[in-house]
Amino acid sequence: MIPPPDSLLRYSPPVLVHRRRTEKRSPGVSGTARAARSSRSARADRALLSPQAPRLQASPSALPTPAGPVPPPRAAAEAGKQTQELLNAILPPREWVEDKTLWVQEVSSTPSTRLDVVHLQEQLDLRLQQRQARETGICPVRRELYSQCFDELIREVTINCAERGLLLLRVRDEIQMTIAAYQTLYKSSVAFGARKALQAEHGKSNMIKRIAELEEEKRELEAQVSDQKAKCEAIEKREYERRQIEEKKHTEEVQFLKRTNQQLKAQLESIIAPNK
């Protein structure tokens, strides 16, 4: 396993934890119990395996000078232990395996000064530039670095006042929960949009098929209309010719009857005239 990368959150020097090769995990022991057992063993072995830990806790230059009476060493040790346990509860230690050995690195309980805060700001700007984080929009790199910076501020505030640290922890958890809710909403909206796009694509293919069918039906109806128009024109032409023939025949019959009438009239007049 690769050791965790450097973080803006200040950690104590890593502690080597020995693990027995014949150790067997009980099926009834949960992962939380194993993590608690390893954390307790890490704190127990720190005094033996980490030569820098005592110097960090006992260094007079790192701790602020108390204004009131100096508490007894036992009370100071208990307060430091409680602070470290609170920090471990807020910011869990990092663990990794290297060469079949377990390394544990807890958050540092050393108070920070104003220069440390200025250095933290400089490191934040430097890492934002080195990792080419985007200044606007959604950027996982920028979010990760600012989360580390916020954790470091929680650590510094918790050392001076545990209540303020716990309140900042609630603020951090609320922000993370809000971001997780927005991520879930974004993923669901993306999935919804993808489903709608697939439905639209499927509906589009159906509509294209329906349009082709309607166009084919339109062409068939247009062909039928053309045939009916041709038939209608042929019937009209035939009826017109028949009417012309009948009118001509009728006219001829009328003329024949008129001539016949004139002839009969003339004959009648010729017959009646001599009798006078």
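Our subject is the structure listed above.
Conventions used here
- Residues numbered from 1 in each chain as written.
- Predicted model: local features only at pLDDT ≥ 70, side-chain atom pairs only at ≥ 80, totals over all residues.
- Heavy atoms only, no water.
- Helix = DSSP H or I, 4+ residues; strand = E, 2+ residues; numbered from the N terminus.
- Contact = heavy atoms within 4.5 Å.
- Areas by Shrake-Rupley, 256 points an atom, 1.4 Å probe, with all protein chains shown as cover.
- Pairing = 2+ DSSP bridges.
- Axes fitted to C-alpha atoms, helices over the stretch in contact; angles between N-to-C directions.
- Patch = residues over 30% accessible without salt bridge, like charges linked within 9 Å, V, L, I, M, F, W, Y side chains within 5 Å.
- Salt bridge = Lys/Arg side-chain N within 4 Å of Asp/Glu carboxyl O.
- Buried < 20%, exposed > 50% of the residue type's maximum accessible area, 1.4 Å probe, protein only.
- Core = buried A, V, L, I, M, F, W, Y, C linked by side-chain atoms within 4.5 Å.
- Polar contact = N/O pair within 3.5 Å; in protein donor to acceptor, adjacent residues only side chain to side chain.

Caption draft 1: Highlighting the overall build of the protein chain. Summing up its helical and strand segments, the protein chain has 6 helices and 3 strands in all. Each helix and strand of the protein chain, ordered N terminal to C terminal, gives the series β-α-α-α-β-β-α-α-α. The long-range fraction of contacts in the protein chain, counting pairs at least 24 apart against all pairs at least 6 apart in sequence, stands at 69%. Carbon and sulfur atoms form 58% of the exposed surface of the protein chain, whose accessible area is close to 21,700 Å².

Caption draft 2: Main features of the sheet that holds strand E3 (residues 101–105). Pairing within the open sheet is antiparallel, and its 3 strands lie in the order E1-E3-E2. Unpaired on one side and paired on the other, strand E1 (15–17) and strand E2 (94–98) mark the two borders of the sheet. Neighbour-to-neighbour, the strand axes of this sheet turn through a mean angle of 30 degrees, independent of strand direction. In terms of strand pairing, E1 meets E3 through 3 bridges, oriented antiparallel. Within E3, the residue paired with Val17 across the bridge is Leu102.

Caption draft 3: Local environment of a nonpolar patch on the surface. Judged by side-chain polarity, Leu167, Val171 and Ile175 come together as a nonpolar surface patch covering roughly 250 Å² of accessible area. Secondary-structure assignment places Val171 in helix H6 (residues 162–275). On the basis of relative accessibility, which here comes to 37%, the residue Val171 falls in the partly exposed class.

Caption draft 4: Examining the pairing of E2 more closely. The pairing of E2 with E3 spans 5 bridges and is antiparallel. Considered in E3, the bridge of Arg94 is made with Gln105. The turn linking E2 back onto E3 is made up of 2 residues, and Asp99 within it adopts a positive phi angle of 55 degrees.

Caption draft 5: Summary view of the nonpolar core. Ranked by size, the top nonpolar core spans 8 residues in total: Leu8, Leu120, Leu124, Leu128, Ala133, Cys139, Leu145 and Cys149. If you list the elements that add at least two residues to this core, you get helix H4 (114–130) and helix H5 (140–160). With residues near it in sequence (within four places) discarded, Leu124 still touches Leu8, Leu145, Tyr146 and Cys149. Ranked by size, the runner-up nonpolar core spans 7 residues in total, among them Tyr11, Ile90, Leu91 and Val107.

Caption draft 6: Broad picture of the side chain of Arg172. Looking at the element boundaries, Arg172 is found in helix H6. Separated by 3.5 Å, the side chains of Arg172 and Asp173 make a polar contact.

Caption draft 7: Summary view of the pattern of salt bridges. Applying the stated criterion across every chain yields a total of 9 salt bridges. Within this structure, Asp151, Arg172 and Asp173 form a network of salt bridges that share partners.

Caption draft 8: Up close: the environment of Tyr11. Its location among the elements puts Tyr11 in the segment before E1. With 82 residues separating them in the primary sequence, Tyr11 and Pro93 have C-alpha atoms 8.5 Å apart. Leave out the neighbours within four places in its chain, and Tyr11 touches Pro92, Arg94, Gln105, Glu106, Val107 and Ser108.

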